[in-house]
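Report on the structure
Chain residues, written in single-letter form:
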Amino acid sequence: MSNTISLSFSFFASMLKLSKQGQRRVSNFLEKLHTDPARPGLNIEKLHMSKGRDEVYSLRVDDGLRVLATKLGSGYVLLQVCTHDNAYRDPSSSIGPPIATLVDVPESLGGIRQIPKSHAITDAPKLFAAFTDLQLKATGLDPKQLEMVRTWCTEDELAASIYAPDPISHLSDEVADGLDRLLHGRPTAKPLDKALSAALTPTWTPSNWDELSNALAEPFAAWRRFLPKEFRAIVEADPEQPLLVRGPAGSGKTVVAMYRAQHLLSRGLKVLVVTFNRSLKNYISAALSGICSDSELRNLNVSTVHSMALQYSNLAGLRLRPLDGDGEVSIPPTVAGELFRVSPKLTTAFAADELKRVVVARGLVDPTEYYLCSRAGRGLALPLIHRKALWDNCFGDVVKQIQDSRQRPWPYIVRAVRDELDRGAIKHEFDAVIVDEVQDLDEQELRFVSALAQRGKSHRLTLIGDAVQRIFVAGSCLQSLGIATTGRTRQLNTVYRNSLAIERVLRRLREKLEPGASKEIVSGSPNEGECVLRGLPTMESETSFVVKRVKELIASGLPGSAIAVLARRNFVAASFRYALNSAKVSTCMLEDSSFPQSVRVGTMSSCKGLEFAAVFVVACRKNELPLRQAKVRIPADESDAFDQQEKNLLYVAMGRARDHLFVTWWGEPSPFIRLLEAD
């Protein structure tokens, strides 16, 4: 008759630390012990233990390994597997309480099941008491497994769960590893968004303020999983006609974009998600890989508008490529005399700026388009005779040279590809298109994505953005481009991302950028957070302050990937990255997702759509913001427009922060700083 063998969780934990060969040796030992615990080859010896302990025996596995055990009735409770030398030291401190919860082996080693014991520990501190349900679910637990894990008191129970045979008690190696990493504060082996998808339904909607507060207090990657009711209504809105979604920084526009994409994918549609900058494209792509199934991901394409244009250019056989450098074109100096005869106002400098900001920026190809186009914001009004003189003497020849070359400014590349789509020379594969940060797309780019969204009578186009966050080109009227969103515009007014302290400062700045708009904005965060405006006397002292605070945040438990350092220019960002690396703080560029524990460093313009628990907006000093060297190159009558764009840039950078925001400078501050201070 077989004997009862009980295995403690500490036994499983110690067994897992062995090599695979060692684990096989212990498994063979268990078979022998279960068949005949009295067989001489096991070499059972009683050990001397500390006073008050149960009697402990050493059972020989082989020459190198021993198992520590105690008797329970007519059978044995196996407590730990260890080396020969460790077995004969006093192991009382390493095998835990006399006996914790046990697993019983009544007939065969395959019949493991949990059994209650009268002396099991029931009032001990729970192992995962410090973690929320959402954090635990993020490892891959289902609801019943979550209930089980909530009862655990020791890590031994976690180790034993890998061997449990029933679906509820058994945890996969991946889930157990995730719990172990969570418990010890180590980075997850895969992105949290991907781990979440294994455990959670794609989204959930809080039903009351407490649930919302708990959601916003979750670890940074996990809190995005909730969808407020207004989000869900937008996500599930009829896709057959264009939809425009607007909202301030932190209102969840990118979250809406991602779940709108997932919703359309779940209906079997092929979806293209388009952004302007690469950092946001990489962020959305990684996030969607975590909330979409494999079959949905096969129907998904996430791209920048320029990458998509080049792809279709190659598909059409055009083989176009962008101009090197800043992509500017010039006018011949010989036209100066002809223009001056028409009007002294038509200088070569004015003509060059008009060519860049109106003709090239809009991808105009014939004189009629130029004669009819709006020049709002250009300062100098041009009658038809002046426009004709500019086109006939200058612009027409330049545009022809552009069209005769394969190397072109971006608007002409995008226009050429859109023309191929319009005449049916190339076919696109998408059923729906979603554009995030739409305010940064120019006229030709908007026409291009609109063409990609056309399917017969359906126009499945979702545009998401905020005019106040426009930091690149001037916006275009959607109606004039054939994108009808009248009656299909949704406004997000609740700021969920930013803590209260950050939202107050952002509200002050937004009021200056768009007077009256901030009255509609409400805060959805229950957290106060912190917003620090700090001027330092020297560049070195500013750098030291930032490095010190970054290290403090990391020491408090914040992962490096949840921290961003943003500057106006690349070389300034690079100097802060060097200082952080010198202080032994790991860093990487914003768009680099291959270093999950590194602090992100980049420019303000490259952070669009991203979000971090802590953000440092650095070097906000005079001549840096607004950038003097860029401002001196623009006409005087466009100075105010440039300043507005620079303010928008500051608003975008500050709006990336959830819990901690630091705006720093050395020497004389940027004139924009006073816009952030309370009146």
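Everything numeric in this text was worked out from a predicted model, so none of it was measured.

Conventions and cut-offs
Residues numbered from 1 in each chain as written. Predicted model: local features only at pLDDT ≥ 70, side-chain atom pairs only at ≥ 80, totals over all residues. Heavy atoms only, no water. Salt bridge = Lys/Arg side-chain N within 4 Å of Asp/Glu carboxyl O. Helix = DSSP H or I, 4+ residues; strand = E, 2+ residues; numbered from the N terminus. Buried < 20%, exposed > 50% of the residue type's maximum accessible area, 1.4 Å probe, protein only. Contact = heavy atoms within 4.5 Å. Core = buried A, V, L, I, M, F, W, Y, C linked by side-chain atoms within 4.5 Å.

**Section: the pattern of salt bridges**
Applying the stated rule across the entire model yields 25 salt bridges. Its salt-bridge partner being Arg549, residue Glu552 comes within 2.9 Å of it at the nearest N-O pair. Within this pair, Glu552 and its partner Arg549 are both found in helix α22 (residues 539-555), separated by three residues, close to a single helical turn. In this structure, Glu668 engages Lys622 in a salt bridge whose closest nitrogen and oxygen atoms are separated by 3.8 Å. One end of the pair, Glu668, is in the loop between β25 (657-666) and α26 (673-676); the other, Lys622, is in the loop between β24 (612-617) and α24 (628-631), with 46 residues separating them in the sequence. By relative accessible area, which is 47% here, Glu668 ends up partly exposed. Classification of Lys622 by relative accessible area gives partly exposed; the value is 40%. Several salt bridges converge on common partners, so that one network encompasses Glu369, Arg415, Arg418, Asp419 and Asp422.

**Observations concerning unusual backbone geometry**
With an omega dihedral of 5°, the bond running from Leu625 to Pro626 counts as a cis peptide bond. Examined against the element boundaries, Pro626 turns out to sit in the loop between β24 and α24. In this structure, Glu437 is a non-glycine residue whose phi angle is positive, near 60°. Inspection of the secondary structure assignment puts Glu437 in the loop between β13 (432-436) and α20 (443-452). Positive phi is not limited to glycine here, since Asn623 has a value of about 75°. If you trace the backbone, Asn623 turns up in the loop between β24 and α24.

**Quick look at the environment of Gln145**
For Gln145, the position within the fold is in helix α5 (residues 143-150). The class for Gln145 is buried, based on a relative accessible area of 8%. Along the sequence, Gln145 and Leu171 sit 26 residues apart, while their C-alpha atoms lie 8.2 Å from each other.

**Thoughts on the environment of Leu478**
For Leu478, the position within the fold is in the loop between β16 (461-465) and β17 (489-491). Owing to a relative accessible area of 16%, Leu478 belongs among the buried residues under this scheme. Measuring from C-alpha to C-alpha, the distance between Leu478 and Arg447 comes to 9.3 Å, with 31 residues separating the pair along the chain. Beyond its immediate sequence surroundings of up to four residues, Leu478 is in contact with Leu244, Leu446, Leu463, Ile483 and Thr485.

**Digging into the nonpolar core**
Val271, Val273, Leu288, Val617, Cys620, Leu650 and Met654 are the most contacted members of the largest nonpolar core, which totals 63 residues. Per-element tally for this core: the top contributor is helix α11 (residues 253-266), with eight residues. Beyond its immediate chain neighbours, meaning those up to four positions away, Val617 contacts Leu566, Met604, Leu650, Ala653, Met654, Leu661, Phe662, Val663 and Thr664. Residues Val305, Val414, Ile426 and Leu452 belong to the second largest nonpolar core, which totals 30 residues.

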